[in-house]
Amino acid sequence: MMFSSKKADVDERVVATSASSVDDDADLAAMGYKSEFKREFTNLGTISFAFSIMGLCSSISTTFDTPMLLGGPASVVWCWAMGFCGCFFIGTSIAELVSAYPTSGGLYSASCYLVPYRYRGPVGYVVGWMNLLGQVAGVASTEFGLSRMIWAAVNVRYDGAYEVTDGKLVGLFVGLLCIHGLLNSIPTKYLAGITQSFVFINLGATFAIIIALLVCTDTKNSASYTFGEVYNQTGWSNNGISFLFGLLSVQWVMTDYDAAAHISEEVRRASIAAPVAIFVAVIGTGTIGWLFNIILVLCSVPIEDLPGPSGMSVPTILSTRIGKGGFYALWVFVCFTAFAVVQTAMQANARTFFAFSRDGGLPDRGLFAKLAPNKIPLWGVWIVVLISVVMGLLQFASAVAVNAIFSLCACSLDISYMIPVACKLFLRDHPEVNYKPGPFNPGRKLGAVCNVIAITWTCFAVVILIMPTLRPVTALNMNYASVITVGVMMLAGLWYAVSARKYYDGPRKTLPEKGSPSKSDEELDLDEVNDSKERGSP
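Everything quoted here is computed from the prediction, not taken from an experiment.

A few words on the overall build of the protein. Looking only at helices and strands, one finds 22 helices and 0 strands in the protein. Over its C-alpha atoms the protein spans a radius of gyration of 24 Å, differing by no more than 12% from the 24 Å that the globule rule assigns to 538 residues. Judged by the C-alpha coordinates and their principal axes, the protein covers about 75 × 70 × 45 Å. Across the 538 residues in the protein, those meeting the buried criterion constitute 56%. Counting contacts in the protein only where the partners sit at least 6 residues apart, residues at least 24 apart contribute 83% of the total. Split by element, the accessible area of the protein, about 21,300 Å² in all, is 66% carbon and sulfur. Separation of charge centres in the protein, based on 36 positive and 38 negative side chains, amounts to 2 Å.

So this is what it looks like as structure tokens:
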């Protein structure tokens, strides 16, 4: 009897998994795509993936200097709170679209489906390129930050006496990229298994640092200092502007929301699991990140002593308050969290190359849309590695140049998100769009409110992202994010008008029309799946 009961439980799980796969493949077939990936990501793996790509303790550690040294403690604390509120509405708006269009193209694909047919080509092309380059810049900048974090740990050992040359910085950066390229070349089954642990290491390291600082810091900073001190070192005469530069940290950390969408063709129950993962990750990163920032400021050393001998404020705070031994014990996990960010970001980025190439949006003759026998887009993985390496090599030419490329990340990604959100808000009832929400949606009215706030906040945040952070403005401290972002948009639009419009007009169906004699057995089975779903069959 016990054996029969266990066997029945196993059979039920198999049936449930099969039914889930049927629904996922039917959703994909409804958009004209055949299922090519293996769905190996569970709910936990998907949430861990979405959570890990924001980094939390590692991403805050690499960007903490910006709000602390430009605007002071109040900028660190309150800009994070403001940014989290704005990002909550962006994340909710994105999760709704991912639920409606669970495909590897993510927001790029959604932008095509949310405009009339004649606009799908130009809109999809610009959004696709903005999203692609923003993601690559995110991979490169996070890997570069990890390289800096590792060398900062070396400098803590030598009290700042160790010289980190450009060659050492870039060499480690390239080596780390190659390791990530190799890891992203293994089958999805193993990637999904590895990813499940990321969220626990991420949260564990964050709370370990919080507890260690609170216990080991005998004299903490006052509440008035932590929550009210503005420290203007920007050269701007207006303290309000220097305060708002704190948004640069939160907007960089809380981005790439749609990463879970890019693995949606490898996720079970993708139309629910992917958007829920995005929603949970945004709330978790926002709330815990705010607490983490408060504790860092509360336990910080005097601001005049920052960034300190390590060249980064967070390692200096940790090594001063909890000692070098405690610092190294915790910093290993912080660095591993950054390593996990790059791992997940590269995986998502490779899937975007796959999706854009599948639709004919890249001049590669479908090369990046090819899957290896292990169902991994290897060409997509290694083009991300190659472009990231080229971005990092700019460090030899000018630190300003490499920082300008990296600043493209948050700015271009946020713009690529808001285009489909705006299209959904204004064109959802257009007869050629006829938007149908997925199972994760806040409702029409509440969804519209979220969309309006998300668009408004993004417009405001982008203005801050492109402003020069130091005055007087020179060629060395100029913020080139605006030039690069506008340049990418203009070049993509121009290239579409000159050439790409001849071969790209939006999503390109890979599933033959029903009744086509060229259909394979697998494709015919998908038709049956879709028919069953339309009839309401289980």
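Picking up after the structure, the text goes on.
Here the bond from Leu 306 into Pro 307 is cis, since omega is 5 degrees, no more than 30 degrees from zero. Looking along the chain, the bond that leaves Arg 471 and enters Pro 472 is cis, with omega of 0 degrees. Turning to its location among the elements, Pro 472 is positioned in the loop between α20 (444-466) and α21 (481-498). One non-glycine residue, Arg 365, adopts positive backbone phi at about 55 degrees. As for its placement among the helices and strands, Arg 365 is situated in the loop between α16 (313-358) and α17 (378-393). Accessibility expressed as a relative area gives 84% for Arg 365, which makes it exposed.

Attention now moves to the nonpolar core. Counting 155 residues, the largest nonpolar core has Leu 213, Met 254, Tyr 257 and Trp 331 as its most contacted members. With 18 residues, the single largest contributor to this core is α16. Excluding its chain neighbours within four sequence positions, the residues that come into contact with Met 254 are Met 54, Trp 80, Phe 84, Cys 87, Val 282, Thr 285 and Gly 286.

Let's shift gears to a nonpolar patch on the surface. Together, Phe 207, Ile 211, Val 215 and Leu 291 line one region of the surface with nonpolar side chains, adding up to about 370 Å² of accessible area. If one sorts the elements of the nonpolar patch by residue count, helix α10 (residues 198-216) sits on top with 3 residues. Mapped onto the secondary structure, Val 215 falls in helix α10.

Scoring rules and cut-offs
Residues numbered from 1 in each chain as written. Predicted model: local features only at pLDDT ≥ 70, side-chain atom pairs only at ≥ 80, totals over all residues. Heavy atoms only, no water. Helix = DSSP H or I, 4+ residues; strand = E, 2+ residues; numbered from the N terminus. Rg over C-alpha atoms; globule rule 2.2 N^0.38 Å. Buried < 20%, exposed > 50% of the residue type's maximum accessible area, 1.4 Å probe, protein only. Contact = heavy atoms within 4.5 Å. Areas by Shrake-Rupley, 256 points an atom, 1.4 Å probe, with all protein chains shown as cover. Lys, Arg positive; Asp, Glu negative; His and termini not counted. Charge placed at Lys NZ, Arg CZ, Asp CG, Glu CD. Core = buried A, V, L, I, M, F, W, Y, C linked by side-chain atoms within 4.5 Å. Patch = residues over 30% accessible without salt bridge, like charges linked within 9 Å, V, L, I, M, F, W, Y side chains within 5 Å. Salt bridge = Lys/Arg side-chain N within 4 Å of Asp/Glu carboxyl O.

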